[in-house]
Amino acid sequence: WSSDVCSSDLRRWRYRGPFAQLVGAVIVVIKTDQGITGYGLGAGGSVAAEIIRGHLSHLLIGTNPLNVELLWEQLYTSGDAYGRRGVFVMALSGVDNALWDILGKAMNQPVYRLLGGPTKDRIPIYQTALNDAMFEAGLKQGVRQFKASIQEGVAEGRDGMKRIIQRLREIRHK
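Residues numbered from 1 in each chain as written. Predicted model: local features only at pLDDT ≥ 70, side-chain atom pairs only at ≥ 80, totals over all residues. Heavy atoms only, no water.

With respect to the pairing of strand β1 (residues 26-31)
Phase 1: Of the two faces of β1, the one holding V26, V28 and I30 is buried and the one holding I27, V29 and K31 is not buried anywhere.
Phase 2: Where β1 meets strand β2 (residues 37-42), six bridges bridge the pair, whose relative direction is antiparallel. Paired with V26 across the two strands is G42, which belongs to β2. (Buried < 20%, exposed > 50% of the residue type's maximum accessible area, 1.4 Å probe, protein only. Helix = DSSP H or I, 4+ residues; strand = E, 2+ residues; numbered from the N terminus. Pairing = 2+ DSSP bridges.)

Some thoughts on the packing of aromatic side chains
Phase 1: Taken as a whole, this structure holds three aromatic pairs when the rule is applied.
Phase 2: Relative to Y76, the ring of W72 has its centre 4.8 Å away and its plane inclined at 10 degrees; by these criteria the two rings are stacked. Of this pair, W72 and Y76 both sit in helix α3 (residues 68-77), separated by four residues, roughly a single helical turn.
Phase 3: Both rings, one in F135 and one in F146, keep their centres 5.0 Å apart while their planes meet at 55 degrees; by these two values the pair is tilted. You can see F135 sitting in helix α6 (residues 132-140) and its partner F146 sitting in strand β4 (residues 145-148), a full 11 residues away along the chain.
Phase 4: Among the residues examined, F146 registers a relative accessible area of 24% and is labelled partly exposed. (Phe/Tyr/Trp six-rings, centres within 6.5 Å; stacked < 30°, edge-to-face > 60°.)

Considerations on unusual backbone geometry
Phase 1: The backbone of N108 sits at a positive phi, close to 55 degrees, despite the residue not being glycine.
Phase 2: Tracing the backbone through its elements, the reader meets N108 in the loop between α4 (87-107) and α5 (111-114).

Observations concerning α3
Phase 1: All of the buried residues along α3 are V68, L71 and L75. Seen along its axis, α3 keeps its buried residues to an arc of 65 degrees; they face one direction.
Phase 2: Close packing links the buried residues of α3 with α2 (45-60) and α4. (Arc of directions from axis to C-beta. Contact = heavy atoms within 4.5 Å.)

Looking at the packing of α2 against α4
Phase 1: α4 packs onto α2 with a crossing angle of 55 degrees between their chain directions and a minimal axis gap of 9 Å. Between α2 and α4, the interaxial angle falls into the category oblique. As α2 packs across α4, the resulting crossing turns out to be right-handed. Mapping the contact onto sequence places V47, A48, I51, I52, L56 and L60 in α2 and V87, F88, A91, L92, V95 and L99 in α4.
Phase 2: Of the residues that constitute the contact of α2 with α4, the class distribution is 12 nonpolar, no polar and no charged. (Axes fitted to C-alpha atoms, helices over the stretch in contact; angles between N-to-C directions. Parallel < 35°, antiparallel > 145°, perpendicular 65-115°, else oblique. Left-handed = near helix turned anticlockwise from the far one by under 90°. Nonpolar A, V, L, I, M, F, W, Y, C, P; charged D, E, K, R; others polar.)

Dropping the structure here:
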């Protein structure tokens, strides 16, 4: 095996396959005694799923799911062993989303209204673009803010950084 192959193979730095964002996604389903089911999207893959099944779910049993903020504080505080960062918070976010979904359904209100309602009539969007074709398509649809996905140069020191800066300059002039 060659260390050159490992360091230059872009697949080893970042997964860019189909549905890349969903590789580590978890869907949290919480059912209440009152028959309300809440759904939440989190991240962290099988590790997060195990944290939810083996830890967080036990702390929710017997609680009032409408106390979303109190439950979040209790669950977050319980994460000392995980460091309360990274995959633990990814798992917790899925649970939190499911609890907010339950609250919205129980109150017959959209969650955005429970969180204070809209603050603007419209907000600008941004699009993640992996290549020039995606930038061009976004521009044609009226998108003006982009997140540029830099796929090469990151591990190549100063030369790589110079190429990244040049690429970002090219993108800005589109």
